[in-house]
Amino acid sequence: MMNQLSYKGYTATITFDADDRLFFGRLVGITDIVTFHGETVAELVQAFEAAVDGYLEMSAKMGRQPQKPFSGRITLRIPPHAQAKAAARAAQEGKSLARWAQEQVVRALE
């Protein structure tokens, strides 16, 4: 089970605090700190959406662009021998290294 919520392109990770009996969430993919909580799943989802809407409204009031969540681009540094092996595998499959790597990451997460 993925402990994440998504709304308006923003994603949050969710944890449960057994001592306080609260679900706690935080937006990921941005450096601004946006958190929320709820005692029930319904409260949590409502608080998450309110937190995203509040973040967007606050950014507008401050006259600055809200940070964008993940763009879909990543830069990786891997050992040269691993890059060579990956490039050879991609070539065998008739794909670019970038396309092959993208497919591998997506497959690993499914």
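Each remark here, short or long, concerns the structure printed above.
None of the values given here were measured: they were computed from a predicted structure. (Residues numbered from 1 in each chain as written. Predicted model: local features only at pLDDT ≥ 70, side-chain atom pairs only at ≥ 80, totals over all residues. Heavy atoms only, no water.)

**Section: a nonpolar patch on the surface**
Part 1 of the reasoning: Together, Ile74, Leu76 and Ile78 line one region of the surface with nonpolar side chains, adding up to about 330 Å² of accessible area.
Part 2 of the reasoning: If you trace the backbone, leucine 76 turns up in the loop between α1 (41-61) and α2 (80-92). (Patch = residues over 30% accessible without salt bridge, like charges linked within 9 Å, V, L, I, M, F, W, Y side chains within 5 Å. Areas by Shrake-Rupley, 256 points an atom, 1.4 Å probe, with all protein chains shown as cover. Salt bridge = Lys/Arg side-chain N within 4 Å of Asp/Glu carboxyl O. Helix = DSSP H or I, 4+ residues; strand = E, 2+ residues; numbered from the N terminus.)

**Remarks on the sheet that holds strand β4 (residues 35-38)**
Part 1 of the reasoning: With respect to topology, four strands assemble into an open sheet ordered β1-β2-β3-β4, the strand pairing being antiparallel. Two strands close off the open sheet at either side, each with one partner strand: β1 (4-7) and β4. Taken over all neighbouring pairs, the strand axes of this sheet differ in orientation by 30° on average, direction set aside.
Part 2 of the reasoning: Note: strand β3 (residues 22-28) against β4, four bridges, orientation antiparallel. Within β4, the position partnered with phenylalanine 24 by the bridge is histidine 37. (Pairing = 2+ DSSP bridges. Axes fitted to C-alpha atoms, helices over the stretch in contact; angles between N-to-C directions.)

**Here we look at the pairing of β4**
Part 1 of the reasoning: Only one face of β4 is buried, namely the one carrying Phe36 and Gly38, since none of Thr35 and His37 on the opposite face is buried.
Part 2 of the reasoning: If you look at the hairpin formed by β3 and β4, you'll find six residues sitting between the two strands, and glycine 29 has a positive phi there, around 90°. (Buried < 20%, exposed > 50% of the residue type's maximum accessible area, 1.4 Å probe, protein only.)

**Re α2**
Owing to its 3.6 residues per turn, the α-helix brings residues three or four apart onto one side.
Part 1 of the reasoning: Here α2 is 13 residues long and its end C-alpha atoms lie 18 Å apart, about the 18 Å a rise of 1.5 Å per residue gives.
Part 2 of the reasoning: Of the residues one or two after α2, glycine 94 is the one with positive phi, at around 70°. (Expected span 1.5 Å × (residues − 1).)

**Looking at the pattern of salt bridges**
Part 1 of the reasoning: Enumeration according to the criterion identifies five salt bridges in this entry.
Part 2 of the reasoning: Of the charged contacts, one joins glutamate 93 and lysine 95 as a salt bridge, the two residues approaching to 3.4 Å between their closest N and O atoms.
Part 3 of the reasoning: A relative accessible area of 39% places glutamate 93 in the partly exposed class.
Part 4 of the reasoning: With a shortest N-O distance of 2.5 Å, glutamate 103 and lysine 95 are connected by a salt bridge.
Part 5 of the reasoning: A network of salt bridges, in which partner residues are shared, links Glu93, Lys95, Arg99 and Glu103.

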